[in-house]
Amino acid sequence: MEEYPEELRTPPVALTCLVGCPEVHPLITAHLHSQQPPINAIALPDFSKISVIPPKKPSRDASGPLAGIIKRDWLSKHRTRIPAVVAAIFSSRDISGDPAQWLQVCTHLDNLKASIRGRNTKLVLLLLTNWDNKDDTSEECILALRKRAEVDSKNLIIFVPDHEEELKQSLSRQVPFIVSLSFKVFGLWTVFGELANTYYRDEGRRVRTRLEKKNYTSIELNVRYCFKVALYAEFRRDWLEALKFYEDAYHALREMVGTSTRMPPIQRLVEIKAVAEQLHFKMSTLLLHGGKVLEAITWFRQHTANYRKLVGSPEVIFLHWEWLSRQYMVFAQLLETSSFNDALYVPSTASVPEEKPTEWEFYPAYYYQLAATYLKEKNTCLEFALSMSVDVGPIDGSAESVVASAYLGQYSRLLEHGDAFIMQPLTDEEYARYALAEGKRFQDSFEIIALLKKSFEAYSSSKAERTAAYCGLQMAREYFSLNDFSNAKQMFDSVANLYRREGWLLSLWEVLGYLRECSKGMSSAKDFIEYSLEMASLPETTGSVESFANDCGPAGPATLSEREKIHKEAFEVSRGDSELNSDEQNGAFKVKSDYPLYLEIDLISPLRATLLALAAFHQPMVKPGAPSLITISLRSQLPINVEIDQLEVQFNQSECNFIITNGQKPQIGSVSNLQLGRRVETAPDLVLATNKWLRLTYEIKSDLSGKLECIYVIARIGPNFTICCRAESPASMNDSPLWKFENLLETIPIKDPGLALSGQKAIQVEEPDPQVDLILGSSGHALVGESFILPVTVASKGHAVQSGELKINLVDTRGGGLLSPREEEPFSSDNLHVELVDMSCDTPGDQSEAPSDKIQKIQPSFGLISVPSLDVGESWSCKLKIKWNRPKPIMLYVSLGYSPQSDEPSLQKVHVHKNLQIEGKTAVAINHWYMLPFRQDPLLPSKLKSVSETDQAPSLALNEKTMLIISVKNCSEVPLRLLSMSIETEEKSSTCTIRPQQEEFREAIVNMPGEEFKKVFTIFPKVNSTKLKIGTVSLRWEREQPHSNTTASQVTKHRLADVNVELPLLVVSLECPPHAFLGSPFLYSVKILNQTEMLQEIKCSISDSQSFVLSGPHSDTMLVLPRSAQVLAYMLVPLGLGSLQLPRVSVTSVRYSAGLQPSTVSSLVFVYPAKPHIDLKPGDA
């Protein structure tokens, strides 16, 4: 598309011309370009330059012959030289000055009108003035200027550029001729646009009148008139009319084929195709930019179908394929670069065919691929035409004088005649020689590669691998034809990978043939032999070879004889018996002893068919040092038997490697140079027949525990050729896609069918039985908070311990992990349920110093410590300190790894594993509750609210004593010794008094399992608070271990809930002696303390009791003054003995509707029969 001129590739833009006052030209042209649609402008500094506008040519004689269809520069002329509007710019001084200046203005106007006369070009006047002297320009002068120019009032604009605000106000008063600087430019664009549309509409109407009246004598004029009307419509942005007349021109042009005799046949067809190409390009551009992709594709299919068979004369048939290739390339570029534009919306005019386009026709890659195909066809025809032509030499001088004619698609010879140049028409023979000479000058291979590369990349990004591979194959062929073997090999390799995966045999054969030639051109012996062996190992093809014989690449047809030929050639080169001559200057290459050849075949290598190596152990597991059988099976699909000189089998344990030699061949050169100490076996023969297994079974021993795996089987053929094949297991062997569906006799790699199906190339060598005991000492359950000590003992019984390591792992038995579920918290020891704190070890008595390589690592759930060297019979122990922060069961895994022999540190270690489940339990459960003083009950404000006790925090009375009961229960299964208990306060001491705050027990209190211990504290709140922090109970305890004096004490803490401290409204106290005597009266009183500022009315009543004689009021109402107390006294005489229930007292506050019913416990008193009489003699005291 870049070959097309710019005026064809871009939409037509209206053209104006500015004459005079060059200082305002930049402002006007810049703004005209910035508008939508833009307007181009020719800027002429003065009126003497108006001659650049070409004058109107006289009308052509209709009876005369036509020279062509469309002039080549007609569109460029209307876009760059013939303006639709001419703007004459004058200064106010020119029309308001002396008469000489006015006469000059009139002269300029007359010359300007004469130059545009006959073209219907519109004239606009622009008068430039200043704000200071705007009134100097009279209306008479302006009217005279307008009449002289013969323009309407709307086509005369006055500029006042030096006072913008005043001009904006003038606009608001709708002054018709004065425009501000910003509004002036917009006004100019509007005026220019309207006049330009009028000009192009009139011009198009003039030409369309000829079409409607059929005022033309030839089809060429019909095409030309339709083309002009369409272009004028494009200038006006009338896309529908433009598309309609482009279609009319295209259909009229199609009628010229076979009917026009104006030019010789070859050049006539070239001209018709050039005009059709330009018309179709215009239609495709309009449709694609209007969003009509389906219609554009339909037109393109019709366009190519119309001209596909118009190939022209045989000697220039290559021009047809070049033209067709260009159509596909340009349409692909249009699809790639076009985007829908609402301003270019074109209604659908094309009918959708019954056969809808395929999916790929909507992608540019499809057209790029066909463009490359037709361009390659052009090259083929051009080469044939050059070979048949005898007139085209290396440099044809006559072709230099041929130039493009004035008409589109025509060429003429430029001749010098005196001082002038004349254009001489060409004959078809001359044009054919010119076309051949031009075709010989240019090489299209690079353009073909560029087109195929675009298509290849597009198909690859769309995941269309097969189509992309086809484009890659065509691109690789072009590189190959240019002797660019590096790029060709890269593309051929990419294509070959897909063909191998898909199993396309004949296509792969062709690509491998090209790769062999590329490797020869690059002097790469390794690549040449690899591709040769792969080709020789391909399956045989039957029945379809003859049909592909002409398109099978440089290797020829894929027959058995050709495979055998390639096989022999590859092994001759590998043995150094022959050398291959590469292309051009690269010379010959040969495999020599200085540069031996080494090939590797892995599990995905395409050479697996060349040599497949399987290894299978006969037993899945074996003891160290015990023999085991291994079978090595080899198979090749090469057409000729291959004799191997030597086989080497390699394992992951190098001590097990061994070599198999061929008993039928003498060992020569490097083949006989074996490593010292390497095991050597001899086979009767090592010959690989086609599709037959070569089975070799040998005995293998390993002294190292662990995995023993066969890794490689290395075959040496000749002194300089080695094939290293990765060993596979028979159980996991997969066939190549190329051989999966071949009709071959299937044989098993191992005679034992069970082993052939389940055999593995690896065997497990067991560890030797350990002769070291690993003892874990357990002391029962662990308790939360304590450091649990676990002794670990290593005792040697039959093995010496060398380089020993002890690994400790803590694992949650429930699989939940050892971390707390509070994931938002940062990692610390506080959010670990269980952690390994320390490891301490003992050094044997005969070792005064620890080993220099001692290892000790501790993590919360993992520990590693080195074990010193131990002789047989010695032991070593260490202690693990594990701490439980929360109750959790864990599994402790202890693993000991050691070497039984110090002189062989490379031997694998022997391992001993032990595990122990430890349950971490809570040691003690601490609870607490509050109690009021005996026979005292305060009335708190919080008790008057209707809140459930479960939702209400404990409430304490301000400045009143409260009892705090701490309960400690032993939840473990072992006795505990309680050492001390204290309350750590968080608030200041002035807020609350606690007695005792800390108490060390004189003798440790033994708390048995399930037993509960209680401790009483006294609390005296001093401040009124809704959330008083009492503190945290801290209990220090230890296990009860009578025979151990080293038990460490642990501390368990229990935080006391916050309490609500309130001033009690009323405090009721019952006062009574602790005991009474039968028949002896005693005082029983009720004290009511009012701590409010209000008078309180109290109702008090007492019930009768059969156990007492009561003296006092049974029911009474009293008034208690603020901040005072009232006492109600009763005299009671007991009538019975023992624990008796006192008369029930009920106290009710009228204001708060709250009553007091003393508890049963507080209403009991013990009655004795009589007072004890103790006679004290003098001196007894």
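Residues numbered from 1 in each chain as written. Predicted model: local features only at pLDDT ≥ 70, side-chain atom pairs only at ≥ 80, totals over all residues. Heavy atoms only, no water.

A.B. asks: Whenever I open this one, the overall build of the chain confuses me. Can you help?
C.D. replies: From N to C terminus, the chain includes 22 helices and 57 strands. Every one of the 1181 residues in the chain was classed for burial, and the buried ones make up 47%. For the chain, contacts bridging at least 24 residues in sequence account for 74% of all contacts bridging at least 6. Approximately 59,100 Å² of the chain is accessible, and the part contributed by carbon and sulfur atoms is 51%. (Helix = DSSP H or I, 4+ residues; strand = E, 2+ residues; numbered from the N terminus. Buried < 20%, exposed > 50% of the residue type's maximum accessible area, 1.4 Å probe, protein only. Contact = heavy atoms within 4.5 Å. Areas by Shrake-Rupley, 256 points an atom, 1.4 Å probe, with all protein chains shown as cover.)

A.B. asks: Help me understand the nonpolar core in this model?
C.D. replies: Soluble globular proteins tend to pack their nonpolar side chains together in the buried interior. Among the nonpolar cores identified, the biggest contains 169 residues, and Leu-125, Phe-192, Tyr-200, Tyr-246, Leu-253, Phe-318 and Phe-492 are the most heavily contacted of them. Taken together, domain 1 (6–202) and domain 2 (597–670 + 678–765) each give at least three residues to this core, which thus spans both. Those residues in contact with Tyr-246 that sit more than four places away from it in its chain are Phe-227, Ala-230, Leu-231, Glu-234, Leu-279, Lys-282, Met-283 and Leu-286. One finds Ile-529, Val-591, Leu-599 and Leu-688 within the second-largest nonpolar core, a separate group that totals 48 residues. (Core = buried A, V, L, I, M, F, W, Y, C linked by side-chain atoms within 4.5 Å. Domains from an automatic or database assignment.)

A.B. asks: What exactly am I supposed to notice about the side chain of Asn-1090 here?
C.D. replies: When you line up the elements, Asn-1090 lands in strand β49 (residues 1082–1090). Its relative accessible area of 1% is what places Asn-1090 among the buried residues. Among the polar contacts made by the side chain of Asn-1090, one reaches the main-chain carbonyl oxygen of Val-1120 at a distance of 3.3 Å. (Polar contact = N/O pair within 3.5 Å; in protein donor to acceptor, adjacent residues only side chain to side chain.)

A.B. asks: Please clarify how the environment of Val-316 should be interpreted in this entry.
C.D. replies: Inspection of the secondary structure puts Val-316 in the loop between α12 (293–307) and α13 (317–337). Spatially, the C-alpha atom of Val-316 lies 7.9 Å from that of Leu-382, the residues being 66 residues apart in sequence. Beyond its immediate stretch of four places on either side in the chain, Val-316 contacts Ile-266 and Ala-432.

A.B. asks: When you look at the packing of aromatic side chains in this model, what are you seeing that I'm missing?
C.D. replies: One pair of aromatic rings is described through two measures. These are the centre distance and the angle between the planes. Scanning the entire structure with this criterion turns up 37 aromatic pairs. Here Phe-331 and Tyr-367 contribute two aromatic rings whose centre-to-centre distance is 5.0 Å and whose plane-to-plane angle is 70°, an arrangement assigned as edge-to-face. Here Phe-331, found in helix α13, pairs with Tyr-367, found in helix α14 (residues 364–388); they are 36 residues apart in sequence, far enough to count as distant. The class of Phe-331 is buried, set by a relative accessible area of 2%. For the pair Phe-617 and Phe-651, a centre-to-centre distance of 6.4 Å together with 50° between the ring planes defines the contact as tilted. (Phe/Tyr/Trp six-rings, centres within 6.5 Å; stacked < 30°, edge-to-face > 60°.)

A.B. asks: What am I meant to see in the sheet that holds strand β29 (residues 834–841) here?
C.D. replies: The strands making up a sheet associate through hydrogen bonds between their backbones, and the pairing can be parallel or antiparallel. Pairing is antiparallel in the open sheet, where four strands are placed in the order β25-β27-β32-β29. One side of each edge strand has no neighbouring strand; the edge strands of this open sheet are β25 (772–776) and β29. Along the sheet, successive strands turn relative to each other by an average axial angle of 20°, direction set aside. Judged from the seven bridges that link them, β29 and strand β32 (residues 875–884) form a sheet pairing that is antiparallel. Bridge pairing in β32 places Val-834 opposite Trp-884. (Pairing = 2+ DSSP bridges. Axes fitted to C-alpha atoms, helices over the stretch in contact; angles between N-to-C directions.)

A.B. asks: Explanation requested: the side chain of Asp-527 in the structure shown.
C.D. replies: Secondary-structure assignment places Asp-527 in helix α20 (residues 525–536). Only 3.0 Å separates the side chain of Asp-527 from the side chain of Ser-524, close enough to count as a polar contact. Setting aside anything within four residues of it in sequence, one finds Asp-527 in contact with Lys-489 and Ser-519.

A.B. asks: What exactly am I supposed to notice about the packing of α14 against helix α16 (residues 445–461) here?
C.D. replies: Interaxial distance between α14 and α16 falls to 8 Å at its minimum, and their mutual angle equals 155°. When the interaxial angle is binned, α14 and α16 end up roughly antiparallel. As α14 packs across α16, the resulting crossing turns out to be left-handed. Taken together, the residues of α16 that come into contact with α14 (itself represented by Ala-365, Tyr-366, Tyr-368, Gln-369, Ala-371, Ala-372, Leu-375, Lys-376 and Asn-379) are Ser-445, Glu-447, Ile-448, Leu-451, Leu-452, Lys-454, Ser-455, Ala-458 and Tyr-459. (Parallel < 35°, antiparallel > 145°, perpendicular 65-115°, else oblique. Left-handed = near helix turned anticlockwise from the far one by under 90°.)

A.B. asks: What is the right way to read the pairing of strand β39 (residues 976–984) from this model?
C.D. replies: Along any regular strand, the residues point their side chains to alternate faces of the sheet. Burial analysis of β39 places seven of its nine residues in the buried class, which makes it a mostly covered element. Sheet analysis places β39 next to strand β44 (residues 1032–1039), joined by eight bridges and oriented antiparallel. Opposite Ser-980, over in β44, you have Arg-1036 as the bridge partner.

A.B. asks: Just checking my understanding: could you explain the confidence of the model for the chain for this structure?
C.D. replies: Detailed reading of predicted coordinates is not advised where the pLDDT is low. Confidence in the prediction of the chain, expressed as mean pLDDT, is 82, and 85% of residues score 70 or more. Predicted confidence is poor over residues 166–186, with pLDDT under 50, and the contacts of this stretch with residues over four places away or in other chains come to 33 contacts. Note on residues 669–673: pLDDT is under 50 here. Beyond four places in sequence and across chains, it has six contacts. (pLDDT = per-residue confidence, 0-100.)

A.B. asks: What should I look at first to understand the sheet that holds β49 in this one?
C.D. replies: Here five strands make up an open sheet; going across it, the order is β36-β47-β49-β53-β51 and the pairing antiparallel. Only two strands of the sheet have a single neighbouring strand rather than two, namely β36 (936–939) and β51 (1108–1111). The sheet shows a mean angle of 20° between the axes of neighbouring strands, direction not considered. Note: β49 against strand β53 (residues 1124–1134), nine bridges, orientation antiparallel. Counted as the bridge partner of Tyr-1084 is Tyr-1130 from β53.

A.B. asks: Is there a simple way to think about helix α5 (residues 99–116) in this case?
C.D. replies: Each α-helix winds once per 3.6 residues, and so residues spaced three or four apart point in a common direction. With 18 residues, α5 ought to run about 26 Å at 1.5 Å a step, and its terminal C-alpha atoms sit 26 Å apart, in line with that. Taken together, the buried positions of α5 are Val-105, Cys-106, Leu-109, Leu-112, Lys-113, Ser-115 and Ile-116. Residues of α5 that are buried sit in contact with β3 (85–91), α4 (92–96), β4 (122–128) and α6 (139–149). Downstream of α5 by a residue or two, Gly-118 has a phi angle that is positive, lying close to 95°. (Expected span 1.5 Å × (residues − 1).)

A.B. asks: When you look at the environment of Val-270 in this model, what are you seeing that I'm missing?
C.D. replies: With respect to the helices, strands and loops of the structure, Val-270 is situated in helix α11 (residues 265–289). For the pair formed by Val-270 and Gly-312, sequence separation is 42 residues and the distance between their alpha carbons is 8.7 Å. If we skip the residues at most four places from it in the chain, Val-270 touches Gly-409 and Tyr-431.

A.B. asks: Looking at this model, I keep getting lost on the pattern of salt bridges. Mind explaining?
C.D. replies: Pairing is possible between side chains that carry opposite charge, provided their charged atoms lie close to one another. With the rule as written, the count across this model stands at 42 salt bridges. Measuring nitrogen to oxygen at the nearest pair gives 3.8 Å for the salt bridge that ties Asp-238 to Arg-236. Asp-238 sits in the partly exposed class, given a relative accessible area of 26%. Notably, a salt bridge pairs Lys-376 with Glu-478, separated by 3.7 Å at the nearest N-O pair. Linking Lys-376 in helix α14 with Glu-478 in helix α17 (residues 465–481), this pair joins segments that are 102 residues apart in sequence. (Salt bridge = Lys/Arg side-chain N within 4 Å of Asp/Glu carboxyl O.)

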